[in-house]
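# Analysis of the macromolecular model
The lines below spell out each chain.
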Amino acid sequence: MKAARAKTPRRPVPKKPSNTSLKDPVGVYCRVRPLGRPDQECCIEVISETTVQIHPPDGYRVFRNGEYRETQYSFKEVFGTLVVQKKLFDVVAKPLVEDLIHGKNGLLFTYGVTGSGKTHTMTGSPGDGGLLPRCLDMIFNSIGPFQAKRFVFKLDDKNGVDVQCEVDALLERQKRDAMPVPKTPSGKRQIDPEFADMINVQDHCKVEEVDEDNVYSVFVSYIEIYNNYIYDLLEEAPFDPIKPKPPQSKTLREDQNHNMYVTGCTEVEVKSTEEAFEVFWRGQKKRRIANTQLNRESSRSHSVFIIKLAQAPLDADGDNVLQEKEQITLSQLSLVDLAGSERTNRTKAEGNRLREAGNINQSLMTLRTCIEVLRENQMYGTNKMVPYRDSKLTHLFKNYFDGEGKVRMIVCVNPKAEDYEESLQVMRFAEMTQEVEVARPVDKPLCGLTPGRRFRNQAFREELSRKLEIRGGPINGETEEQSVSEMLLQSFPPLPSCELLDVNDDQTLPKLIEVLEKRHKLRQMLSEEFAKNVLAFKTMLQEFDSSVVSKENYIQGKLSEKEKIIAGQKMELERLEKKTKTLEYKIEILEKTATIYEEDKRNLQQELESKSQKLQRQASDKRRLEARLQGMVAETTMKWEKECERRVAAKQLEMQNKLWVKDEKLKQLKAIVTEPKNEKPERPSRERDREKPVQRSVSPSPVPNAPPVRLRHRRSRSAGERWVDHKPPSNLPTETVMQPHVPHAITVAAASEKALAKCDKYMLTHQELASDGEIETKLIKGDVFKTRGGGQAVQFTEIETLKQESPTGRKRRSSPSNPYPPEEAADSEWTDVETRCSVAVEMRAGSTLGPGYQHHAQPKRRKP
């Protein structure tokens, strides 16, 4: 009968679970081992059921604000120094065993520094078994009466399982019994006293809800990861005393359901706790340990004990295993004892020990990196590649973190002060691991058959045997045999009476002789018939033997042909395996290359984005600068246009004033020429000048067609504009004839934004003391503009100066003690007249001050 092939419990969907699937965080527990000596300094303290506090020892205290720093770390549960193995098993490992029997995967590993009690937690000690023997005991206590016979389930070399019928399983068992290889340990054999106390568990813990209509088989395997190579601890290699061969490393493969497995690994079917633990102990003796400064028996490799549970439902009659591969489930529980992280300067490792320590620390660092990347991807939504392939340890358990299953970690710490720094790193990694989530495993589908089939079939058989016992009748075979013997005895003639009552009795003996002769003849006939039958049977046996020999020869020929085909297929398989290894190596190289290229691509994309953003910023700055420059150009153009107009107007006014001054001088000259020479002009006093202004003679223009002189009332240009007349309170009133007056003006003592907003012109009256001691009044005028910020600004355009001078302020050139000649007398008189008529109104444009002149920073005007 063709064997049916099973699937592993994970779903064949290769993609990762969606965000909508339920996820559970990695369960992290902490166990604190007791101190080796009572006088040792302790740096770890259990402060609650979920929190531990670690503080630096006396030699390592880190001061902050005058106090040493204490750090607290939280876990799912913390187990102190007095906790027993049973409590640890009930909390941590028991749920994983229940999931295993229900067809779900699980992973349990111990993590910590060397000498922190990891192997004791996993294996235990004599009289106090650890997690591993307790898991085995719970499994066999739960499925003991429902186990299938050996070889009903058969694991293949592709991480799958085949189910065989009872006949094929029987042939496999007979073939195994006939082989000269050592058998697997049996439950009836005497237990090795070396580990008998470890598996003598009196708790009898079992799973309550076990499917009684299923049959179960347990397979165990034991491997170690040493120097990043995988070795099979259960492999029975032939021993060669002359040239011993080193153990061959195994490779990792991925099955069709994307689960990782070790190719060519020995998997032993076990039927009891004692048998399973004896297999474990046989592999434990091969595990690599060494003596270091920190631990007398330090594990130099990561050990992985894998328990596989195959289960399949019974058929509708409840007798045989259902031959449907879709209904067969293979679940797996991995118990991992990690090697301890260590510092070589403390262990004093050299040579091989130093290389081992480097590989141990490297694999643990890769595990930490994978956890960090997983946490970052889940918390921040990134899609970074998790470097599982950097280490065999992380690559083996890739499907637990990317797929489905329950993951538990026990952090073992040693509270002694010497391990403070290592324990601190372990605590940080453990606290970070709690933030990683793993997809919750789904329940297996129902088979659709009626539950309770096994016990109904057993009840039917018991009732049938009971009724047969009540009847007392034998079975059909015995009835037929008895009837044939009775018929054979009845075929012989009955014996007559053999009593001799008289000496002369001559009838009894002849009758007896006659009956005996008949019986003798009948016996001879039966013997001859029996001999004929024997001869015929011998002939048939010979014919059968000849046919069997011919068939054996034919079968041998066929077998030789098949063996040749198998040998060729094995060679082809070896070639394909070599090719697969080469391709896997190339794939690893390509993946690393792809990772490098992806990193370069991300860097280039980031650089491109930064460059594009920089270009966009530069373009926007350029546009803003262009707009600003255009505004500045327009504003400057308008200002200089106004300034040019103002300068042209000021120049025209200055030329007109010069013409008027020349005209007045000519008039004065004419008046002087025509008046008598013996008259001497009086020198007016300063008080009289202030009381009464000097009357200028009006004379006709020397130029008959000259235009009339324009008076200095320039304020008529802004008659339609509003002015702000700013007169500080410190100004003094002057007695000049000409006074500044602006109609429709707002007079203020201090400039304000409210007044400037109502007007478009501004005038500041400023007084200062001239060099001759007279008060000089300046009218500083400007335009009012609105600023971009909504305020007001004043741009000064021109300055008018009002100054009063005394006619006698200059020194006369004539003197009565030194009379001039007639030619010089005329010049002297002209000089006196010029000095006498030098009181005038002077105005200059503020061109030298520029458009931006401010009255509060006005430079002192130089005297002409």
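So, here is what we can say about the structure in this document. (Residues numbered from 1 in each chain as written. Predicted model: local features only at pLDDT ≥ 70, side-chain atom pairs only at ≥ 80, totals over all residues. Heavy atoms only, no water.)

## Some details on helix 4 (residues 166-178)
We count it as follows: Put simply, DSSP H or I for four residues or longer makes a helix, DSSP E for two residues or longer makes a strand, and each gets a number counted from the N terminus. One less than the residue count of a helix, multiplied by 1.5 Å, gives the span that helix is expected to have. Three labels apply to residues, based on accessible area from a 1.4 Å probe with only protein chains included: buried if under 20% of the type maximum, exposed if over 50%, partly exposed otherwise in between. As used here, the arc is the angular range of directions from the helix axis to the C-beta atoms.
An ideal rise of 1.5 Å per residue puts 18 Å on 13 residues; helix 4 measures up with 18 Å between its terminal C-alpha atoms. Taken together, the buried positions of helix 4 are A169, R173 and R176. Each buried residue of helix 4 sits inside an arc of 65° when the element is viewed along its axis, so together they form one side. Pointing more than 90 degrees away from the buried face of helix 4 are the exposed residues V167, K175 and A178.

## Side note on the pattern of salt bridges
Note the following rule: What makes a salt bridge here is a side-chain nitrogen of Lys or Arg within 4 Å of a carboxyl oxygen of Asp or Glu, nothing more.
Scanning the entire structure with this criterion turns up 31 salt bridges. Salt-bridge contacts for R150 lead to E275; the nearest nitrogen and oxygen are separated by 3.0 Å. Taken as a pair, R150 in the loop between helix 3 (131-143) and strand 13 (153-155) and E275 in helix 5 (residues 273-284) lie far apart in primary sequence, 125 residues in all. Summarising the burial analysis for this pair, R150 and E275 share the class buried. Of the charged contacts, one joins K778 and E768 as a salt bridge, the two residues approaching to 3.2 Å between their closest N and O atoms. One end of the pair, K778, is in strand 29 (residues 775-786); the other, E768, is in strand 28 (residues 761-769), and 10 residues separate them in sequence. Within the structure, one salt-bridge network assembled from shared partners comprises E643, R646 and R647.

## Looking at a nonpolar patch on the surface
Test applied: A patch is a set of surface residues, each over 30% in relative accessible area and not in a salt bridge, joined within 9 Å for like charges and within 5 Å for the nonpolar side chains Val, Leu, Ile, Met, Phe, Trp and Tyr. Each accessible area is a Shrake-Rupley result for a 1.4 Å probe, and residues are judged covered by the shown protein chains and nothing else.
A cluster of nonpolar side chains, F537, M540 and L541, forms an exposed patch at the surface whose accessible area comes to about 310 Å². Examined against the element boundaries, F537 turns out to sit in helix 13 (residues 508-674).

## Description of the packing of helix 1 (residues 85-101) against helix 3
Spelled out, the test is: Note on definitions: angles span 0 to 180 degrees between N-to-C directions of axes, and those axes are lines fitted to C-alpha atoms, for helices only across the stretch in contact. Oblique is the label for any angle not under 35 degrees, not over 145, and not in the 65 to 115 range, which are roughly parallel, roughly antiparallel and roughly perpendicular in turn. Note: crossing handedness is left-handed where the near helix turns anticlockwise from the far helix by less than a right angle, and right-handed where it turns clockwise. The contact criterion used throughout is that any non-hydrogen atoms of two residues lie within 4.5 Å.
Where helix 1 meets helix 3, the closest approach of the two axes is 9 Å, and the angle between their N-to-C directions is 45°. As judged from the angle between their axes, helix 1 and helix 3 are oblique. Relative to helix 3, helix 1 is oriented so that their crossing is right-handed. Across the interface between the two elements, Q85, K86, L88, F89, A93, K94, V97, E98, L100 and I101 of helix 1 pack against L131, R134, C135, M138, I139, S142 and I143 of helix 3.

## Observations concerning the pairing of strand 24 (residues 406-413)
We apply this condition: By this definition, two strands are paired if DSSP reports at least two bridges between them.
Burial analysis of strand 24 places seven of its eight residues in the buried class, which makes it a mostly covered element. Of the pairings in the sheet, the one linking strand 3 (residues 27-32) to strand 24 comprises six bridges and is parallel in character. The residue bridging Y29 from the neighbouring strand is I410, located in strand 24. Judged from the seven bridges that link them, strand 10 (residues 106-112) and strand 24 form a sheet pairing that is parallel. From the neighbouring strand, L108 faces strand 24, where its bridge partner is R408.

## Remarks on the side chain of S221
Tracing the backbone shows S221 in strand 15 (residues 214-226). The contacts of S221, once residues within four sequence positions are left out, are L234, C265, T266, E267, V304, F305 and I306.

## Some words on the packing of aromatic side chains
To keep it simple, the criterion reads: For this analysis, a ring pair means two rings from Phe, Tyr or Trp (six-membered ring only for Trp) whose centres lie within 6.5 Å, classed as stacked if their planes differ by under 30 degrees, edge-to-face if by over 60, and tilted for the remaining angles.
Across all of its chains, the model carries nine aromatic pairs by this definition. Here Y29 and F79 contribute two aromatic rings whose centre-to-centre distance is 6.3 Å and whose plane-to-plane angle is 35°, an arrangement assigned as tilted. Residue Y29 is found in strand 3, and its partner F79 is found in strand 9 (residues 77-79); the two are separated by 50 residues along the sequence. Neither Y29 nor F79 differs from the other in exposure class; each is buried.

## Notes on unusual backbone geometry
Within the chain, F151 stands out as a residue other than glycine whose phi angle is a positive 70°. Relative to the helices and strands, F151 is located in the loop between helix 3 and strand 13. Residue N159 is not a glycine yet carries a positive backbone phi of 65°. Tracing the backbone shows N159 in the loop between strand 13 and strand 14 (161-163).

## A look at the packing of helix 3 against helix 5
Heads up, the condition is: For this classification, the nonpolar set comprises Ala, Val, Leu, Ile, Met, Phe, Trp, Tyr, Cys and Pro, the charged set comprises Asp, Glu, Lys and Arg, and every other residue, Gly included, is treated as polar.
Following both chains from N to C, one finds helix 3 and helix 5 inclined at 150°, their axes separated by 9 Å at the closest point. With respect to helix 5, the axis of helix 3 lies roughly antiparallel. The crossing of helix 3 and helix 5 is right-handed. Between helix 3, through L132, P133, L136, D137 and F140, and helix 5, the contact on the second element is made entirely by T273, A276, F277 and F280. For the contact of helix 3 with helix 5, the class distribution of residues is seven nonpolar, one polar and one charged.

## Observations concerning the pairing of strand 30 (residues 792-803)
Residues in a regular strand project their side chains so that they alternate between the two faces of the sheet. Where strand 29 meets strand 30, 11 bridges bridge the pair, whose relative direction is antiparallel. Opposite L779, over in strand 30, you have E800 as the bridge partner. As consecutive antiparallel partners, strand 29 and strand 30 are separated by five residues, and within that stretch G790 has a phi angle of approximately 95°, a positive value.

## With respect to the sheet that holds strand 8 (residues 71-74)
The strands making up a sheet associate through hydrogen bonds between their backbones, and the pairing can be parallel or antiparallel. Here three strands make up an open sheet; going across it, the order is 4-5-8 and the pairing antiparallel. Edge strands, defined here as strands with exactly one partner in the open sheet, are strand 4 (44-46) and strand 8. For this sheet the average axis-to-axis angle between neighbouring strands, irrespective of direction, equals 25°. Both strand 5 (residues 51-54) and strand 8 contribute to a ladder of four bridges, which runs antiparallel.

## A closer look at helix 10 (residues 420-433)
Quick reminder: α-helices carry 3.6 residues per turn. Residues three or four places apart thus point the same way. The end-to-end C-alpha distance of helix 10, which contains 14 residues, comes to 20 Å, matching closely the 20 Å that a straight helix rising 1.5 Å per residue would cover. Of all 14 residues that make up helix 10, 10 are buried, and the element is covered over most of its length. Turning to helix 10, its buried residues number three or more, namely Y420, E422, S423, L424, V426, M427, F429, A430, M432 and T433.

By themselves, these observations are geometric and do not establish any function.
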